[in-house]
Amino acid sequence: MSTSPHLSSHSQNEMYDRVADDDMRNGSPMEFLFRDVNVHINGTQILQDVSGIANSGEVLAVMGPSGSGKTTLLNALSGRATVTSGEITLDGQPMTKKVRKRTCYVLQQDIFLSKLTLWETLYFAAMVYLPEKLPLAEKLAKIDHIIDVLDLNKCRNTVVGDQFLRGLSGGEKKRLSIACELIKDPDVMLMDEPTSGLDSSTAYTLMQLLKKFTEQSGKAVVVSIHQPASQIFHMFTHLLLLADGHVAYFGDGRKALSFFEELDLFCEPHFNPADFILETVKKDEETVQKIIDLAEKKRSTDLWPAKLRHMRKDGRSYPSSIDQAALPLISQVHSGSVVLYTDSTGDVMLSLMDHDCAKATGDGPTSNGGHIIKDKDTMTLVQKQTFDSNPRWATGFWMQFKMLNWRTFKHSRSRIISKYNIINSITIAIICSLLWFQMARTHETIKDRMGYLFFMSVYWSFIPMFDAISSFPGERPVVLKERAAGAYRLSAFFFAKMSSELPLTLLLPSIFCSVSYWMAGLRGVPQFFATWAILLLQLLNCQGIGYIIGAAIWDLQMCITTASIIVLYGLLAAGYYVNRLPVWMSWSRYLSIVCYPYNAMCLLELGDLTPLPCNNITNFELPACEGGTNATVVQPQAILEHYGIELPMHCYVTTIVIELFLWRTIAYFALKYKQPT
């Protein structure tokens, strides 16, 4: 037997999958259990020894006043909040990534892209959450079945909508949230206040549908609810009441009033039991403490499920799946990778799946394929190992990219190619065409031609930058929700966002350039296409800067302020308004986002300049023609250098291309590492 305390990664993966697949029984009763869950946030304990259990076809309601820890508990059960200690299992298995895929989490907020219809939203969910090997016909049939079950047929082609766009009602959005999670066919549904914001009739209808579906499908539902109507309260199979992060009651909802009567707290006849319970646990601290103490006392009796009872003097519960040795739990990795126990001798024991864990005399495998470790110093290293070989994503990169590209295009189309943007771009193009109409190609119009190119560079700098910034507030919550549920890779989203918006972004500036360039009478066909290409590169650069700002700064007002500073600095330092910067500031023009495209376009437009006689210069002065010199003509290069255009064309173009990749790379990492605050 090997003396190494660690199994090879391949062996661990095979071992875990064999045990997990055997235990994931189809059609058999299912048990979702959480025991002694403790959660600390910023040094404050939010949940203390919270326990509960939900089985197939049951609805476990989590109630309590505001601030009691309902949402925190659901976040902990779903893996979105770090659990300090405790145990969370599904059918006796710790919550690994593979096991957690059997659960779903319906958030309190209904977060969707507003421009998509209900069917399109479900179609996207089906295509990214369901395995690629599943035929398309089956995916579409599943969508139709869920729409029928949740009574959404009449609004299947209605846009989701938002505060500016009329769409689904509040109840329909809530059912759509549930439908998107049902696509994954979870065994356990975690729902955070699904009736919040709904009128009593809509809330009752929703819970009635949910109750019926739960019983028919054999799923377990854990739902937090603040203040339900009496009709809804009587739908709950079990009730978990929280008060200040403690368990104030757990058991049959119909027996809750009897529990309070033991403390001489009586509910008036015809009074909503839910209202009575919530008002009682918000009373004075002494009353609340009595309720918590009684609930703790009841936990050692037959009123609690056997797997949740306190049976030890120190108040800790035994791991339910380890019967013969009753090993005390000392540490659990809450990603579900390992569970560590210690026996009476203090030896540390590790079990991959805590079934039939038997003590061994030395390091080695247990009967269930686990591994026993006696050296406590290896604990940290062991906890870093992962035993889940199941793919993290249900679909591959290409499928994710394709579906995100499809969805982003449909959602962004109305924002980028709106009638207002079209009117704005065409109007500005006409104004520019009239102001710079058919300029003569003489030395008197050099400054005018440069002015047109400068305006075009600036205008198509701030338009894409501000558009990119404005796209993030609406998309960010959706991406965070879907990424937390393991829907797709961040790289797939980022590349899809860039590629889907590319043709939309380039359309209007192309029309603007095509109209105004020829109306202004600029140089020629080759120069037009080169100018157009440089303008599009500049536009994409500024869009990339907008991505950086939008991803890194979540305050919209700060985003706008930052973008304004960048654009205005670029405008002032580009070299059009100030030709001769002070020597100590001459370097600053190369930090301007407008400098490189503007100078490159000027080289294209003024490339046909001929030597200019000094006696023809009447409207501006050049150093070569100033008094004290014997020069009779000014070379084209001197004219360009006078306006700060000192570098060759390839330097400007190369810099623009480098920036194109640089800004987008920075934007990706800003999106990746910026966390919610």
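Summary of the structure given here. Quick caveat: nothing in here was measured; it's all calculated off a predicted structure.

1. Let's talk about helix H4 (residues 118-129)
Consideration 1: Taking 1.5 Å as the rise per residue, H4 with twelve residues should run 16 Å; its terminal C-alpha atoms sit 16 Å apart, in good agreement.
Consideration 2: Here H4 lies mainly inside the structure; eleven of its twelve residues are buried.
Consideration 3: Buried within H4 are the following residues: Leu 118, Glu 120, Thr 121, Leu 122, Tyr 123, Phe 124, Ala 125, Ala 126, Met 127, Val 128 and Tyr 129.

2. Concerning the sheet that holds strand S8 (residues 220-224)
Consideration 1: Spatially, S6-S7-S8-S3-S9-S10 is the arrangement adopted by the six strands of the open sheet, whose pairing is mixed. Bordering the open sheet on either side are strand S6 (103-106) and strand S10 (246-252), each of which pairs with just one other strand. Each strand of the sheet is rotated relative to its neighbour by a mean of 15°, with strand direction disregarded.
Consideration 2: Pairing of strand S3 (residues 59-63) with S8 involves four bridges; the strand directions are parallel. Each residue of the ladder has a partner; that of Val 62, found in S8, is Ser 224.
Consideration 3: Packed on one face of the sheet, helix H2 (residues 70-78) meets S3, S6, strand S7 (188-192), S8 and strand S9 (238-243) and runs near 150° to S7.

3. Comments concerning the environment of Pro 65
Consideration 1: Tracing the backbone shows Pro 65 in the loop between S3 and H2.
Consideration 2: Owing to a relative accessible area of 9%, Pro 65 belongs among the buried residues under this scheme.
Consideration 3: Residues Pro 65 and Glu 279, 214 residues apart in the sequence, show an inter-C-alpha distance of 8.3 Å.
Consideration 4: Once residues within four sequence positions are removed from consideration, Pro 65 is found in contact with Lys 70, His 226, Leu 242, Leu 278, Val 281 and Lys 282.

4. What to know about the pattern of salt bridges
As a working rule, side chains carrying opposite charge can pair if their charged atoms are close by.
Consideration 1: As enumerated under the stated definition, the model contains 21 salt bridges in all.
Consideration 2: Linking Asp 36 and Arg 299 is a salt bridge whose minimum nitrogen-to-oxygen distance equals 3.2 Å. Taken together, the residues span a long stretch of sequence, with Asp 36 in strand S1 (residues 31-41) and Arg 299 in the loop between helix H11 (285-298) and strand S11 (329-332) at a distance of 263 residues.
Consideration 3: Using a relative accessible area of 7% as the deciding quantity, one classes Asp 36 as buried.
Consideration 4: Residue Arg 299 is classed as buried on the basis of its relative accessible area, which comes to 1%.
Consideration 5: In this structure, Arg 407 and Glu 482 form a salt bridge, with 2.7 Å as the shortest nitrogen-oxygen distance. Taken together, the residues span a long stretch of sequence, with Arg 407 in helix H13 (residues 397-416) and Glu 482 in helix H15 (residues 446-484) at a distance of 75 residues.
Consideration 6: Residue classification places Arg 407 among the buried positions, given a relative accessible area of 7%.
Consideration 7: The buried category is assigned to Glu 482, whose relative accessible area is 9%.

Cut-offs used in this document
- Per chain, residue numbering runs from 1 following the sequence as it is written.
- Confidence filtering applies because this is a predicted model: local features only for residues at pLDDT of at least 70, side-chain atom pairs given and counted only at 80 or more, and all residues used for totals across whole chains, interfaces and linings.
- Here the side-chain values reflect all heavy atoms present in the structure, with hydrogen atoms and water set aside.
- Only DSSP runs of H or I covering at least 4 residues are called helices, and only runs of E covering at least 2 are called strands; the numbering of each starts at the N terminus.
- Every helix has an expected span of 1.5 Å times one less than the residues it contains.
- To sort residues, take the accessible area from a 1.4 Å probe on protein chains only and compare it with the maximum for the residue type: under 20% means buried, over 50% means exposed, and anything in between is partly exposed.
- Between any two strands, at least two bridges found by DSSP are needed for them to pair.
- Note on geometry: axes are C-alpha line fits, over the in-contact stretch for helices, and angles between N-to-C directions span 0 to 180 degrees.
- Whether two residues are in contact is decided by their heavy atoms, any of which lying within 4.5 Å being enough.
- Salt bridge, as used here: a side-chain nitrogen of Lys or Arg that lies within 4 Å of a carboxyl oxygen of Asp or Glu.

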